[in-house]
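A structural walkthrough
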Amino acid sequence: MKFTVEKEDRLSIFHLHETRLDSTNAAEAKGEFLILCQSNIDVLIINLSEITFCDSSGLSAILLAERQLREREGGIIVVDVHGKVRSLFEIAKLTDIIPLVSSVEEARALIIED
């Protein structure tokens, strides 16, 4: 699985450089999210700009990160979700608990507002 991580104080930005987040790579994504969530971060921004397909395994990985950070009074923000992937988030009602924003800059602004 190809990805990059940027760390800034108590914020990490995870950018997945794949077209799919599904059963083929969700376990690895979960592992990376767990590592990031166990570090001293309050917010994890997950950039899905390159993802064109996501299944329930991919959603499960994202929900794991959300749960881990929520338990520590932190949170996640998902960036640049489009097409069928956005529809999946909406159908699963994940937009009620996970903010979806257009860009990393918008995510940063959302953090500053809180």
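Here the structure is shown first, and the text comes after it.
Before going into details, it helps to say that this report is about the structure given with it.

How each quantity is defined
- Residues numbered from 1 in each chain as written.
- Predicted model: local features only at pLDDT ≥ 70, side-chain atom pairs only at ≥ 80, totals over all residues.
- Heavy atoms only, no water.
- Helix = DSSP H or I, 4+ residues; strand = E, 2+ residues; numbered from the N terminus.
- Rg over C-alpha atoms; globule rule 2.2 N^0.38 Å.
- Buried < 20%, exposed > 50% of the residue type's maximum accessible area, 1.4 Å probe, protein only.
- Areas by Shrake-Rupley, 256 points an atom, 1.4 Å probe, with all protein chains shown as cover.
- Lys, Arg positive; Asp, Glu negative; His and termini not counted.
- Charge placed at Lys NZ, Arg CZ, Asp CG, Glu CD.
- Phe/Tyr/Trp six-rings, centres within 6.5 Å; stacked < 30°, edge-to-face > 60°.
- Pairing = 2+ DSSP bridges.
- Right-handed = clockwise from strand over helix to strand, strands pointing away.

Before going further, it helps to spend a moment on the overall build of the chain. What the chain contains, in helices and strands, is four helices and seven strands. Mapped from its N terminus to its C terminus, the chain presents α and β elements in the order β-β-β-α-β-β-α-β-α-β-α. Taken over the C-alpha trace, the chain has a radius of gyration of 13 Å; the compact-globule value for 114 residues is 13 Å, and the two agree within 12%. By its C-alpha atoms, the chain is 30 × 25 × 25 Å across when sized along the principal axes. When each of the 114 residues of the chain is scored for burial, the buried share is 41%. Split by element, the accessible area of the chain, about 6,100 Å² in all, is 50% carbon and sulfur. Treating the 12 positive side-chain charges of the chain as one cloud and the 20 negative ones as another, the clouds have centres 5 Å apart.

By the definition in use, this model includes two aromatic pairs. Ring plane angle 20° and centroid distance 5.0 Å describe the contact between F3 and F14, whose orientation is recorded as stacked. Separated by 11 residues along the polypeptide, F3 in strand β1 (residues 3-8) and F14 in strand β2 (residues 11-16) bring together distant segments of the chain. The partly exposed category is assigned to F3, whose relative accessible area is 26%. Arranged with centres 4.9 Å apart and planes meeting at 70°, the rings of F14 and F33 form a pair that is edge-to-face. Taken together, the positions of F14 in strand β2 and F33 in helix α1 (residues 26-38) put the pair 19 residues apart, joining distant regions of the chain. Here the two residues F14 and F33 agree in accessibility, since each one is buried. Clustering of aromatic rings is evident, with ring pairs tying together F3, F14 and F33.

Turning next to the sheet that holds strand β4 (residues 43-47). Spatially, five strands are ordered β1-β2-β4-β6-β7 in an open sheet, and the strand pairing comes out mixed. Strands with a single pairing partner mark the edges of an open sheet, and in this sheet they are β1 and β7 (100-101).

Now for the pairing of strand β6 (residues 75-79). Burial within β6 is extensive, with five of its five residues counted as buried. Where β4 lies against β6, five bridges are found, and the strand directions are parallel. In the sheet register, V43 faces β6, and the bridge partner there is G75. One ladder, built from two bridges, connects β6 with β7; its direction is parallel. Bridge pairing in β7 links V78 to L100. In terms of handedness, the path from β6 via helix α3 (residues 83-91) over to β7 forms a crossover that is right-handed.

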